[in-house]
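The residues making up each chain are set out below.
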Amino acid sequence: MLVRLHDGSAVDAEVHGTGPTVLLPADPKPVEGPKADELRRWGADPALGRRLIDGLTRRGLRVVAFDYEGHVLAEPKPDTLTPDNVCADILAVADATGSERFAWYGYSWTAVSGLQLAARTDRLTALVMGGWPPLGAPYAAMLRVTTATHAMAVSPPAVPEQTGNAWADAEFTMSEPETRQFMTLYQGLQDFDERAALAKVRCPRLCVVGGADRIAYDGRWGGVTVDLAAPVTAHRAELESLGWEVHVLDGLDHMGAMQASAVLPVLAPFFARALRDETQ
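Structure report, in brief. The structure displayed is predicted, hence computed values, not measured ones.

## Re the overall build of the chain
- Scanning the chain for helices and strands turns up 12 helices and 10 strands.
- Over its C-alpha trace the chain gives a radius of gyration of 18 Å, about what one expects of a compact globule, namely 19 Å for 280 residues.
- Its C-alpha atoms give the chain principal-axis dimensions of roughly 55 × 40 × 35 Å.
- Per-residue burial for the chain yields a buried fraction of 54% across its 280 residues.

## Some details on the sheet that holds strand β2 (residues 10-16)
- Spatial ordering of the open sheet is given by β1-β2-β4-β3-β5-β6-β7-β10, a layout of 8 strands whose pairing is mixed. Two strands bound the open sheet, and with one partner strand each, they are β1 (2-4) and β10 (244-249). Taking the axes of each pair of neighbouring strands and ignoring which way they run, one obtains an average angle of 20° across the sheet.
- Strands in contact with helix α12 (residues 260-274) are β3 (21-24), β5 (102-107), β6 (124-130), β7 (205-210) and β10; relative to β6, the strand with the most contacts, it is inclined by about 160°.

## Topic: the side chain of Arg 123
- Summarising the element assignment, Arg 123 is placed in the loop between α5 (109-118) and β6.
- Polar contacts involving the side chain of Arg 123 include one to the side chain of Asp 95, which spans 2.9 Å.
- With sequence-adjacent residues up to four places away left out, Arg 123 is seen in contact with Leu 91, Ala 94, Asp 95, Ser 99, Glu 100, Arg 101 and Phe 102.

## A word on the side chain of Asp 213
- Among the structural elements, Asp 213 can be located in the loop between β7 and β8 (214-216).
- No salt bridge is formed by the buried Asp 213; the nearest opposite charge belongs to Arg 214, separated by 9.4 Å.
- Each residue touching Asp 213, except ones within four places of it in the same chain, is listed here: Tyr 107, Gly 131, Val 226, Asp 227, Leu 228, Ala 229, Leu 252, Asp 253 and His 254.

## Details of the pairing of β7
- Counting buried positions along β7 gives 6 out of 6 residues, so the element sits mostly inside the fold.
- Residues Arg 205, Cys 207 and Val 209 line one face of β7 and the alternating positions Leu 206, Val 208 and Gly 210 line the opposite face, and both faces are buried.
- Across 4 bridges, β6 lies against β7 in parallel orientation. The residue bridging Met 129 from the neighbouring strand is Cys 207, located in β7.
- Pairing between β7 and β10: 6 bridges, direction parallel. Across the sheet, Leu 206 pairs through a bridge with Glu 245, a residue of β10.

## Focus on the environment of Val 248
- On the secondary structure map, Val 248 appears in strand β10.
- Counting along the chain gives 35 residues from Val 248 to Asp 213, while the straight-line C-alpha distance between them is 9.8 Å.
- Setting aside anything within four residues of it in sequence, one finds Val 248 in contact with Val 209, Gly 210, Gly 211, Val 232, Thr 233 and Arg 236.

## Structural notes on the nonpolar core
- Ranked by internal contacts, the top residues of the largest apolar core, which has 58 residues, are Leu 23, Leu 127, Trp 132, Tyr 186 and Val 226.
- By residue number, the principal contributor to this core is helix α6 (residues 139-154), which donates 7 residues.
- With residues up to four places along the chain from it excluded, the contact list for Val 226 reads Pro 138, Ala 141, Met 142, Val 145, Asp 213, Arg 214, Ile 215 and Tyr 217.
- Leu 24, Tyr 105, Val 266 and Leu 267 belong to the second largest nonpolar core, which has 31 residues in total.

## Concerning the packing of α6 against helix α8 (residues 176-187)
- For the pair α6 and α8, interaxial distance at closest approach is 8 Å and the crossing angle is 160°. As judged from the angle between their axes, α6 and α8 are roughly antiparallel. The crossing of α6 and α8 is left-handed. For the pair α6 and α8, contact is made by Tyr 139, Met 142, Leu 143, Thr 146, Thr 147, Thr 149, His 150, Ala 153 and Val 154 and by Glu 176, Thr 179, Arg 180, Phe 182, Met 183, Tyr 186 and Gln 187, respectively.
- Its residues assigned to classes, the contact of α6 with α8 comprises 8 nonpolar, 6 polar and 2 charged.

## Some words on the pattern of salt bridges
- Applying the stated criterion across every chain yields a total of 16 salt bridges.
- With a closest N to O distance of 3.0 Å, Arg 40 and Asp 37 form a salt bridge. Placement of the pair is Arg 40 and Asp 37 together in helix α1 (residues 34-41), with a separation of 3 residues, close to one helical turn.
- Given a relative accessible area of 40%, Asp 37 falls into the partly exposed group.

Cut-offs applied
- Residues numbered from 1 in each chain as written.
- Predicted model: local features only at pLDDT ≥ 70, side-chain atom pairs only at ≥ 80, totals over all residues.
- Heavy atoms only, no water.
- Helix = DSSP H or I, 4+ residues; strand = E, 2+ residues; numbered from the N terminus.
- Rg over C-alpha atoms; globule rule 2.2 N^0.38 Å.
- Buried < 20%, exposed > 50% of the residue type's maximum accessible area, 1.4 Å probe, protein only.
- Pairing = 2+ DSSP bridges.
- Axes fitted to C-alpha atoms, helices over the stretch in contact; angles between N-to-C directions.
- Contact = heavy atoms within 4.5 Å.
- Polar contact = N/O pair within 3.5 Å; in protein donor to acceptor, adjacent residues only side chain to side chain.
- Lys, Arg positive; Asp, Glu negative; His and termini not counted.
- Salt bridge = Lys/Arg side-chain N within 4 Å of Asp/Glu carboxyl O.
- Core = buried A, V, L, I, M, F, W, Y, C linked by side-chain atoms within 4.5 Å.
- Parallel < 35°, antiparallel > 145°, perpendicular 65-115°, else oblique.
- Left-handed = near helix turned anticlockwise from the far one by under 90°.
- Nonpolar A, V, L, I, M, F, W, Y, C, P; charged D, E, K, R; others polar.

Shown next as structure tokens:
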């Protein structure tokens, strides 16, 4: 079904399975053709969303899948991709699919969105943040990266040099509106009070990150290093004292830790435990 979002655009949402609901911002349709080959070159799985859906529905869950990241790249929101509007979009999907109560699994910036959502509503039955630390997160570093990426989209290098960093190289393909929307998002997160937000999260919660999740950007991005694993390990004891379940996937980087084969063995049992008493 098509769900109307904050800017008037619409995203397609699919419902799979029965049981407690998990909202999953991932493409339910495997990507094919040249685009799939490009995703594989970056280390991504063209069928990631489908694999996650299959893995979760087999555990008795109702999965609402919608390709939010793909949608904002196809229909950029350069001035309106704010934390408030992202949360409004997620709730619009929940409302349209009859999901009064739901769990959330997001990875990277959609994990950021999940924490924002959990701090704003009591409708979450469980929260999973993948590839992003709930505490000590690099919001300032990501603003520097997205600002630099936007500047390169405005004035692209004559011959884009491949960095050897798949995450960074992928950003060379983004347009000015696409890059500006992520700059807008991280600008809106600069004053975010993590500890105040964590105090509001009462549902079962899980953080999962690759142990080698550390993205180094060269001088074109100001020499910024975005370390996503270190804050999780540094704050692990505090997070666990606050009720978080924490999993560090040894040896995996940002792309590796998002693969279904890596995350489902953690994700599916967590949801089974967390949502045992939930009914839809």
